[in-house]
Amino acid sequence: MAPPPRTLPDDLIPEILLRLPPDDPAGLVRASAVCKGWRCIITDAAFPGRYRALHPTAPVLGFLHNPSNRKLPRFVSTTSFRPSDADHRRCHALDCRHGHAVFYDYGSLDPRGVLGSYVVWDPATGERHSLPDVPDVLTRPAVVCAAATEGCDDDHRGCSGGPFIVAFVGVENIPIPESHYFDAHACFYASDTGEWSVHINIHLDHGRYNLDDRPAALVGDSLYFFCRRRGYCGTGTASYAVCAEGTSSQQASGNATSCR
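Trainee: Explanation requested: helix 4 (residues 47-54) in the structure shown.
Mentor: At 3.6 residues per turn, the α-helix brings residues three or four places apart onto the same side. For helix 4, the complete set of buried residues consists of Phe47, Tyr51 and Arg52. Looking down the long axis of helix 4, one finds its buried residues gathered within 130° of arc, a one-sided arrangement.

Below, the structure written as structure tokens:
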């Protein structure tokens, strides 16, 4: 009769679980269902930090796109990760960063009961957050992590479920008799307070601009939105600095600069 298989040493099991490949998130879920001991190891507060330290490069779990065929989902998974409510077939994807995505949902009601609203989606939790009272002049959003909160480190791989800021910019082109009225607008919404920042607007001295329909670029504390001057070749940028310290958006400030 063969001897019973030897059990793994207790101190070896965490090292094995830490080496499960990050591009297959379902592997950790399946491992946690093996037994109570393995589940306690994976759900321990220190495990996510050790796992990220061993796998510093975040895997690509999927991507967002806006296909012309509205029957196709907006989120396409590239791994076993299958977030809840991932289709968003009635939505237009606008931006994605730090564990959150921004959509314009043509089929949902905003908090005022008006059809059509901006929605922030957390793929990891499936939570949807509808943004209230977005001024019509603000047309380009960008989402960022609100603060370096507990569990959110420099690479922002722990931002899911945490507070966020959605910065908006817009360009207002209003022709008036014998002149034109060109203004750039900027404002941001903070999820932890549910409030908007001071609305900033500046006059543009160099003609009419249109914002490009593509995501902003985050460089340091500034978001750069791409814009195009009417009648000229090439593109410019409209920058908006959003600085958040601590966990409260009351400490956040915003500054807008002109398109150039």
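Trainee: Teacher, can you tell me more about unusual backbone geometry here?
Mentor: Glycine aside, residues mostly have negative phi, and peptide bonds are mostly found in the trans state. Positive phi is not limited to glycine here, since His98 has a value of about 55°. Looking at where His98 falls in the secondary structure, it is placed in the loop between strand 3 (91-97) and strand 4 (100-109). We classify His98 as buried; its relative accessible area is 17%. Located in the positive-phi region is Asp133, a residue other than glycine, with phi close to 55°. Mapped onto the fold, Asp133 is located in the loop between strand 6 (128-130) and strand 7 (140-145). For Asp133, a relative accessible area of 45% corresponds to the partly exposed category.

Trainee: Where do I start with a nonpolar patch on the surface in this structure?
Mentor: A surface patch of nonpolar side chains, about 240 Å² in accessible area, is lined by Leu8, Leu12 and Ile16. Along the chain, Leu8 falls in the segment before helix 1 (13-18). Note on Leu8: relative accessible area 43%, which makes it partly exposed.

Trainee: Honestly, the pattern of salt bridges in this entry has me stumped. Any pointers?
Mentor: A side chain with one charge can pair with a side chain of the opposite charge if their charged atoms come near. The final tally for this structure, using the stated rule, is six salt bridges. When the shortest N-O distance is used, the salt bridge between Arg128 and Asp105 registers 2.7 Å. With Arg128 in strand 6 and Asp105 in strand 4, this residue pair connects regions lying 23 residues apart in the sequence. Arg128 gets classed as partly exposed once you look at its relative accessible area, which sits at 30%. Of the residues examined, Asp105 reaches a relative accessible area of 0% and is grouped as buried. Counted as one network, the salt bridges with shared partners bring together Glu15, Arg19 and Arg50.

Trainee: What's the story with the packing of aromatic side chains in this structure? I'm lost.
Mentor: Taken as a whole and judged by the stated rule, the model has eight aromatic pairs. Look at Tyr118 and Phe168: their rings are 5.1 Å apart centre to centre, the planes differ by 80°, and that puts the pair in the edge-to-face class. Of the two residues, Tyr118 sits in strand 5 (residues 115-121) while Phe168 sits in strand 8 (residues 164-176), which places them 50 residues apart along the sequence. One exposure class covers both Tyr118 and Phe168, and it is buried. On the basis of an interplanar angle of 50° and a centroid distance of 5.7 Å, the ring pair of Phe168 and Trp196 is categorised as tilted. Of the two residues, Phe168 sits in strand 8 while Trp196 sits in strand 10 (residues 195-196), which places them 28 residues apart along the sequence.

Rules of the game
Residues numbered from 1 in each chain as written. Predicted model: local features only at pLDDT ≥ 70, side-chain atom pairs only at ≥ 80, totals over all residues. Heavy atoms only, no water. Buried < 20%, exposed > 50% of the residue type's maximum accessible area, 1.4 Å probe, protein only. Helix = DSSP H or I, 4+ residues; strand = E, 2+ residues; numbered from the N terminus. Arc of directions from axis to C-beta. Patch = residues over 30% accessible without salt bridge, like charges linked within 9 Å, V, L, I, M, F, W, Y side chains within 5 Å. Areas by Shrake-Rupley, 256 points an atom, 1.4 Å probe, with all protein chains shown as cover. Salt bridge = Lys/Arg side-chain N within 4 Å of Asp/Glu carboxyl O. Phe/Tyr/Trp six-rings, centres within 6.5 Å; stacked < 30°, edge-to-face > 60°.

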